[in-house]
Amino acid sequence: MIWRTTAVHRPPYYLYIYMYQLVLIRHGQSTWNNENRFTGWIDVDLTHKGIAEAQQAGMLLKQAGYTFDVAYTSVLKRAIRTLWHVQDKMDLMYIPVVHSWRLNERHYGALSGLNKAETAAKYGNEQVLIWRRSYDTPPPALNPSDPRTSYYDARYADVPRELIPLTESLKDAVGRALPIWNKSIAPAIQAGRSVLITAHGNSIRALVKYLNEVSDTDIVGLNIPNGVPLIYKLDESLKPITYYYLTAESAH
Ligand SMILES: O=C(O)[C@@H](CO)OP(=O)(O)O
C-alpha cells in the first residue's frame, strides 16, 4: 500500500491546472474511539482531544489557503461537530451543508457498543480483523427487535425501512455512499465547487476505495486517521491526480 500520513504523490506544478479539489476528514477522536468500542451508527460525541483535532484540521486548512463552497457530512454528531469546528476555524460557518445518512459510519451490527479488545479475546484477532477491515464480510447482524436498531430514530424517518441496515460490510457501505456521490457530490465538484466531506473511518475508506480503485485485498490495510485532512486533486473525470494528508509538517 502507498498510504502514509505525510505528503505523497505531488505531481509537477503544471499538472495543478484544471484540477478539481476534494477534501475528506474523518471526525476527531470520539468517546468510543477513546474507550475502544465498536461504534458504527451509535451517535457518540467527540472527546476534548477530538475537538482539538477538528480545530487543528480547520487551522491547517486555513493556513494552507484552502476554502470550501459546500460541505457534506453524515447525520452522526461526531462528524457534524468536527465539521462545525473546521468551519469555525476557517471562518466558513455560512457555507451550505448537506447531511446524509449515506455518509454514516459503516453499521457495526451486533458488535455495536462492544469493546474491541474484549471481542478479540473472545473471537480471536483474525476474526475481528475480518469484521473490521475486510471488504465483504459483515459483522453479525443485529436482531430487528434489538434496541440498538435505528428503525425508530427520527433522523432516519425518511429512509425506507429496508435501507436501514442491521449490519454492513465495507462493500455495503460503498453501495450506500455511491448514490450521494453520483447524484450530488460528483456533480458539485465538476461544477467547480470546492467540496469538503467530514465523515467516518469506514465511510471514507469506502470513498477512497472507489476513487483510487483500491483492490478488495489492499483495502484491508487502509486505516484513516482521526482529524487529518485528506486532500484530493482530481482530473475532469474525477480520477485522482494526487492525494495526500495535510499535516502540520506537510502544510509548510
Ligand atoms: O467503531 C467504529 O465504528 C469504527 C471507527 O471508529 O471502528 P473500526 O476501526 O473498527 O472500523
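Calculation rules
- Residues numbered from 1 in each chain as written.
- Predicted model: local features only at pLDDT ≥ 70, side-chain atom pairs only at ≥ 80, totals over all residues.
- Heavy atoms only, no water.
- Helix = DSSP H or I, 4+ residues; strand = E, 2+ residues; numbered from the N terminus.
- Rg over C-alpha atoms; globule rule 2.2 N^0.38 Å.
- Buried < 20%, exposed > 50% of the residue type's maximum accessible area, 1.4 Å probe, protein only.
- Areas by Shrake-Rupley, 256 points an atom, 1.4 Å probe, with all protein chains shown as cover.
- UniProt positions renumbered as here; feature names shortened; annotations may be inferred.
- 1 Å grid on protein atoms, 1.4 Å probe; cavity = no way out; pocket = protein on both sides within 12 Å on 5 of 7 lines; lining within 4 Å.
- Contact = heavy atoms within 4.5 Å.
- Arc of directions from axis to C-beta.

1. Thoughts on the overall build of the chain
Then, in step 1: The helix and strand inventory of the chain stands at seven helices and six strands.
Then, in step 2: Seen in sequence order, the chain has helices and strands lined up from the N terminus as β-α-α-β-α-β-α-α-α-β-α-β-β.
Then, in step 3: Radius of gyration (C-alpha) of the chain: 18 Å, near the 18 Å computed for a compact globule of 252 residues.
Then, in step 4: For the chain, the spread of C-alpha atoms along the three principal axes comes to 55 × 35 × 35 Å.
Then, in step 5: When burial is assessed residue by residue, the chain has 54% of its 252 residues classed as buried.
Then, in step 6: Put simply, the chain shows about 11,600 Å² of open surface, and 52% of that area lies on carbon and sulfur atoms.

2. A look at the UniProt feature "active site" (unreviewed entry) in the chain
Then, in step 1: The UniProt entry lists His27 and Glu105 under the feature "active site" (unreviewed entry), expressed in the numbering used here. Spanning 79 residues, the named residues nonetheless gather at one spot, since no C-alpha pair among them exceeds 10.4 Å. Considering only the residues just annotated, the largest pocket is lined by His27 and Glu105.
Then, in step 2: Given a relative accessible area of 1%, His27 falls into the buried group.
Then, in step 3: Those residues within four positions of His27 in sequence are excluded, and the remaining contacts are Asn33, Leu46, Arg78, Ala79, Thr82, Ala199, His200, Asn226 and Gly227.

3. Looking at helix α5 (residues 125-133)
Then, in step 1: Buried within α5 we find Val128, Trp131 and Arg133. Looking down the long axis of α5, one finds its buried residues gathered within 165° of arc, a one-sided arrangement.

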